[in-house]
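Structural features, examined
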Amino acid sequence: MSREPVIVGIGLSDYPKAPHLDSLMHIAQATKRALDDSGLTLNDIDGFACASMPTDPELHVEAIEHLGLKPRWLNTTYTGGSAAQFQIPDAIAAIREGRAETILFAYGSDFLTRYGRTLGTGGLSVDGGLSGPLLYEQPYGSTIATCYALAATRHMAEYGTRPEHLAEIAVGVREFAGLNPNAMYREPLTVEDVLASPMIADPLHLLDCCVVSDGGAAFIITTEERGRDLKQSPVHVLGAAGANSHWHIHSMPDFSTTAGVASSQEAYRQAGIGPEDIDTIQFYDSFTITALLLLEDHGFCKKGEGGGFVEEGHLRRGGSLPMNTDGGSLSSCHSGMRGTMLITEAVRQLRGHGGDSQVPDCELALAAGCGGLLSYIGTTILGRDRR
Amino acid sequence: MEVIDNRPWDRGPLDPGPIDREYFEAAAQGRLIIQKCEDCGNTQFPPKALCVSCGQVPDWIEASGKGKIYTFTVVRRHGVEPFSSLAPFVLAMIDIPEGARFMGNITGIDPETTQVGQNVEAYALRIDETLALPLWRSTQST
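Below: a short report on this structure. Predicted model, so just to flag it, every value in this text is computed and none were measured.

**Describing the layout of surface pockets**
All names here are of chain A. Each pocket or cavity is described by its volume, and for the second largest pocket that value is around 400 Å³. Along its surface, the second largest pocket is lined by 25 residues, and Leu12, Tyr15, Asn180, Asn182 and Arg348 are the ones closest to its centre. Within the residue set of the lining of the second largest pocket, elements represented by two or more residues are strand S1 (5–12) and helix H13 (339–351). For the lining of the second largest pocket, the element with the highest residue contribution is H13, accounting for four residues. Residues that form the lining of the second largest pocket fall into these classes: seven nonpolar, 11 polar and seven charged.

Here's what the structure looks like:
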């Protein structure tokens, strides 16, 4: 009886704008859709993985109460946008060891409805005086966007990467968003459009930055044995690992290399494959530079050659390595932590349910989450078949 | 480093804890300090309770205040004052030869011609009687 981990259900809540849902309702709706997709019920769930943003600090325990769960396995590790990728290694170990039978992953947020669109350029609000590590950033006017801009400038200075290269990433993702009826922005983009959009923090333009949206996602992992008699063909979790290098941007050791080097090497080792075997990538694209760094650090091209690689069109629809086939966070949906959505989209592709966005002969997908400020990188490799 | 006393502090209240306070107090006395571990020689910034290399309690050393731009951005949009009025301004990471990296603003420089690798030096803006915030200015003739 195989206890190898498989993903058997996926669900998304309403996005990109859903003023009728709060964060808990996003989780409930995505969970219901994932359960219905799989043929399981809430009573089957005995494990739960959920991370709470600082904006919803008790979301994980509130969700457990809201759904009436009694998880015998629980993981609430928070690493920002890569939280799901950091929870998966422990989840698949728990499945294999029999510490859980069926684990629900869920995330949801009413980010856009609650905060509006200016998150990336606003300072974090501080009650009373500023203290802790942000003392060394905030008095200088640092924002989320500036942190990524610092990495982009460094990459350009070291390797000759150009704004056009970064823009190409946004253009390719937008093409997929055009095929997703729910995506926030669907009008086709050109490189010139990106470069003509307002500069936020050099070298990042407005269209180098992700959207701010509402949204939630859920997926369900169980054993291969249990997955056999459910509604969907199961998707195998072949490799999963996470690695970190810092938390605040001021402590990033090398601004043009992320911990994705370590997380991907371990995930490839587990899966017994290499980057050349991957058919599609679902990458955290909080900013265009995020995707470029992940691309290099996951070995799809050499360090410093990401710009040229992107320019060759590999990430586009019909390319050798289509990226963010749902429109990503650059054009479709970003509600705070997108790691869960990277998995749901990879599963959709591996099932062959991608519709107009379907990657042909999609057998292996790689999802890479990025949490904090390029700080915590998690890599998950999923396969249509067991290897 | 020079401490500028006559500019009103408008970057919000700071309430540093015990270790952080030593850094901002030194800045108010015109000294840029970083931590150095006597046991293993590791230098580190921002300050921490322990040496991240060996776990011992680190000491402080004074840096020369000279540095180079490791990377930078020109902030064009900011949602919070005083930064929205200051924009466009340069936000950079500065490497110092003593072995530490700082975030800071660089003043006295044209944002449009700022380059990675440019030489800068530290100065400080007074916050109150006991604390000051280090900033950086260009030492390159343009």
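**Focus: the packing of aromatic side chains**
All names here are of chain A. Here the structure, examined in full by the defined rule, presents 16 aromatic pairs over all chains. When the centroid spacing of 5.6 Å and the interplanar angle of 70° are considered together, the rings of Phe111 and Tyr115 count as edge-to-face. Of the two residues, Phe111 and Tyr115 both sit in helix H4 (residues 111–115), four residues apart, roughly one turn of that helix. Classification of Phe111 by relative accessible area gives buried; the value is 8%.

**Some details on the sheet that holds strand S3 (residues 43–44) of chain B**
Residue and element names in this part refer to chain B. In space, the three strands of this open sheet follow the order S3-S2-S4, with antiparallel pairing throughout. Two strands in the sheet have a free side with no partner beyond their single neighbour: S3 and strand S4 (59–62). As defined by bridge partners, strand S2 (residues 33–36) adjoins S3 across two bridges and the pair is classed as antiparallel. Bridging across to S3, Lys36 finds its partner in Thr43. The sheet contacts of helix H1 (residues 18–28) involve S2 and S4, and relative to S2 the element is tilted by about 140°.

**Comments concerning the packing of helix H3 (residues 83–97) of chain A against H13(A)**
Residues and elements named next belong to chain A. Where H3 contacts H13, the two axes come as close as 6 Å, and the packing angle between them is 70°. When the interaxial angle is binned, H3 and H13 end up roughly perpendicular. Residues Ala84, Gln85 and Ile88 of H3 touch H13, and the partners they reach there are Gly339, Thr340, Leu342 and Ile343. Each residue belonging to the contact of H3 with H13 can be placed in one class, and the counts come to four nonpolar, three polar and no charged.

**Describing helix H10 (residues 288–297) of chain A**
Residues and elements named next belong to chain A. Burial within H10 is extensive, with 10 of its 10 residues counted as buried. Along H10, the residues that are buried comprise Thr288, Ile289, Thr290, Ala291, Leu292, Leu293, Leu294, Leu295, Glu296 and Asp297. Looking one or two residues beyond H10, the residue adopting positive phi is Gly299, at roughly 80°.

**Remarks on the interface of chain B and chain A**
Across the boundary between the two partners, chain B contributes 35 residues, which contact 35 residues of chain A. The junction of chain B with chain A conceals about 2800 Å² of combined surface from both sides, 62% of it contributed by carbon and sulfur atoms. The largest contributions to the chain B side of the interface with chain A come from B:Tyr70, B:Arg77 and B:Met103, which together make up 22% of the buried area. The tally of links from chain B across to chain A stands at one salt bridge.

Conventions adopted
- Residue numbers here run from 1 along each chain, matching the order of that chain's written sequence.
- For this description, chains carry letters from A and ligands carry numbers from 1, given in the order in which they are written.
- Given that the model is predicted, a residue must reach a pLDDT of at least 70 before its local features are reported, and side-chain atom pairs must reach 80 or more before they are shown or counted; all residues, however, enter totals for whole chains, interfaces and linings.
- Side-chain numbers here rest on the full set of heavy atoms in the structure, without hydrogens or water.
- The way it works is a 1 Å grid over only the protein atoms, where trapped points that fit a 1.4 Å probe form a cavity and open points with protein on both sides within 12 Å along at least five of seven lines form a pocket, and then any residue with an atom within 4 Å of a point lines it.
- Grid points are joined across faces, edges and corners, and a volume is the space filled by probe spheres set on the points.
- Strands are runs of DSSP state E lasting at least 2 residues, helices are runs of H or I lasting at least 4, and numbering of each runs from the N terminus.
- Nonpolar residues are Ala, Val, Leu, Ile, Met, Phe, Trp, Tyr, Cys and Pro. Charged residues are Asp, Glu, Lys and Arg, and all others, Gly as well, are polar.
- Note on ring pairs: Phe, Tyr and Trp rings are taken, using the six-membered ring of Trp, and paired if centres are within 6.5 Å. Classes follow the plane angle, with under 30 degrees stacked, over 60 edge-to-face and the rest tilted.
- Three labels apply to residues, based on accessible area from a 1.4 Å probe with only protein chains included: buried if under 20% of the type maximum, exposed if over 50%, partly exposed otherwise in between.
- Strand pairing requires that DSSP identify at least two bridges connecting the strands.
- The contact definition used throughout considers only heavy atoms, calling two residues in contact when any of these lie within 4.5 Å.
- The axes are straight lines fitted to the C-alpha atoms, using for helices just the contacting stretch, and the angles between their N-to-C directions are given from 0 to 180°.
- Angle categories are assigned with fixed cut-offs, so that under 35 degrees is roughly parallel, over 145 is roughly antiparallel, 65 to 115 is roughly perpendicular, and the rest are oblique.
- Simply put, the buried area is the total loss of 1.4 Å probe accessible area from both parts when two parts are fitted together.
- Any Lys or Arg side-chain nitrogen found within 4 Å of a carboxyl oxygen on Asp or Glu counts as a salt bridge.

Scope: geometric values only; no functional claims are made or implied.
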